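Spelled out, the chains give:
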Amino acid sequence: MITCELCGEETSGRYLCERHTVALAKALAALPDLHTELAAHLVPARRGLAEYTAAAPAGPRSPLNEEVLDLAGPHGHMAAVVESWREDVQRVRWPERSAPPHAGLAPACRWLRMELDWIVAHYPAAGELAREVRELERAGLSIVGEPPPRRQRLGTCVAVDGEGVVCGAVITRLPGQPRVQCRWCSYVYESERDWLLLLHFQTKEPA
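Let us look at the structure shown here. (Residues numbered from 1 in each chain as written. Predicted model: local features only at pLDDT ≥ 70, side-chain atom pairs only at ≥ 80, totals over all residues. Heavy atoms only, no water.)

## Points about the packing of helix 1 (residues 18–38) against helix 7 (residues 126–144)
And step 1. Two numbers describe how helix 1 lies on helix 7: the axes approach to 9 Å, and their chain directions differ by 35 degrees. The way helix 1 lies across helix 7 gives a crossing that is left-handed. Across from Leu24, Ala27, Leu28, Ala30, Leu31, Leu34, Glu37 and Leu38 in helix 1, the residues of helix 7 making contact are Leu129, Ala130, Val133, Leu136, Glu137, Gly140, Leu141, Ile143 and Val144.
And step 2. Here the residues of the contact of helix 1 with helix 7 sort into 14 nonpolar, 1 polar and 2 charged. (Axes fitted to C-alpha atoms, helices over the stretch in contact; angles between N-to-C directions. Helix = DSSP H or I, 4+ residues; strand = E, 2+ residues; numbered from the N terminus. Left-handed = near helix turned anticlockwise from the far one by under 90°. Contact = heavy atoms within 4.5 Å. Nonpolar A, V, L, I, M, F, W, Y, C, P; charged D, E, K, R; others polar.)

What follows is the structure, encoded as structure tokens:
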């Protein structure tokens, strides 16, 4: 009999119970936003001269928060761990296929969420996957603080491709985030003109 690898609850042959399956799905959904917010903590806050003189050790001081860099930098631990799990799940499920190319944290999280039903039913390492994802989430939250950031819905993407087709994907951002990239077509909203166009072309609610 297979029981939940995290709590030992009987699961009718699945490697995770319903509670821990939902928790894993939520953690995978939260990691990309958490990764984005960590970028704001990459540069340590400036301190006053007196505080710096009294508290700073002698020698050169790194301009970057190395803890954040290790966790969420371009080649950081968070992306590396999630992409390695995506690669292993694909290896087990489709052994005849080559390893997937590394596309970044958000696509890897999305892929794992799409395969979650198969993972909890057929992947023996599902419990370890859930533990590591939760550890990544805790590590990020220990830096940015609880609760996890909530995204604001801005509308739908108004970018037009070479054939004149409007993207239409939902655009969201974290509070205060100045630059947003559409997760579907990769268009970047950054300038004042971008935001004005996005606002202008949203569907107006009927009066």
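Now that the structure has been shown, the text picks up again.
## A look at the pattern of salt bridges
And step 1. In total, this model carries 6 salt bridges according to the counting rule given.
And step 2. A salt bridge links aspartate 88 to arginine 91; the nearest nitrogen and oxygen atoms lie 2.7 Å apart. Of this pair, aspartate 88 and arginine 91 are both found in helix 4 (residues 77–93), 3 residues apart, which corresponds to roughly one turn of the helix.
And step 3. Overall, the relative accessible area of 23% leaves aspartate 88 in the partly exposed class.
And step 4. The partner of glutamate 137 in a salt bridge is arginine 134, and the shortest N-O contact between them spans 2.6 Å. Pair noted here: glutamate 137 and arginine 134 are both in helix 7, with a separation of 3 residues, about one helical turn. (Salt bridge = Lys/Arg side-chain N within 4 Å of Asp/Glu carboxyl O. Buried < 20%, exposed > 50% of the residue type's maximum accessible area, 1.4 Å probe, protein only.)

## A word on the packing of aromatic side chains
And step 1. Applying the stated criterion across every chain yields a total of 5 aromatic pairs.
And step 2. Judged by centre distance (6.3 Å) and plane angle (70 degrees), the ring pair of tryptophan 94 and tryptophan 111 falls under edge-to-face. Of this pair, tryptophan 94 sits in the loop between helix 4 and helix 5 (105–114) while tryptophan 111 is found in helix 5, placing the two residues 17 residues apart along the sequence.
And step 3. Note on tryptophan 111: relative accessible area 14%, which makes it buried.
And step 4. Against the face of tryptophan 195 rests arginine 173, its NZ or CZ located 5.1 Å from the ring centre. (Phe/Tyr/Trp six-rings, centres within 6.5 Å; stacked < 30°, edge-to-face > 60°. Lys NZ or Arg CZ within 6 Å of the ring centre and 35° of its normal.)

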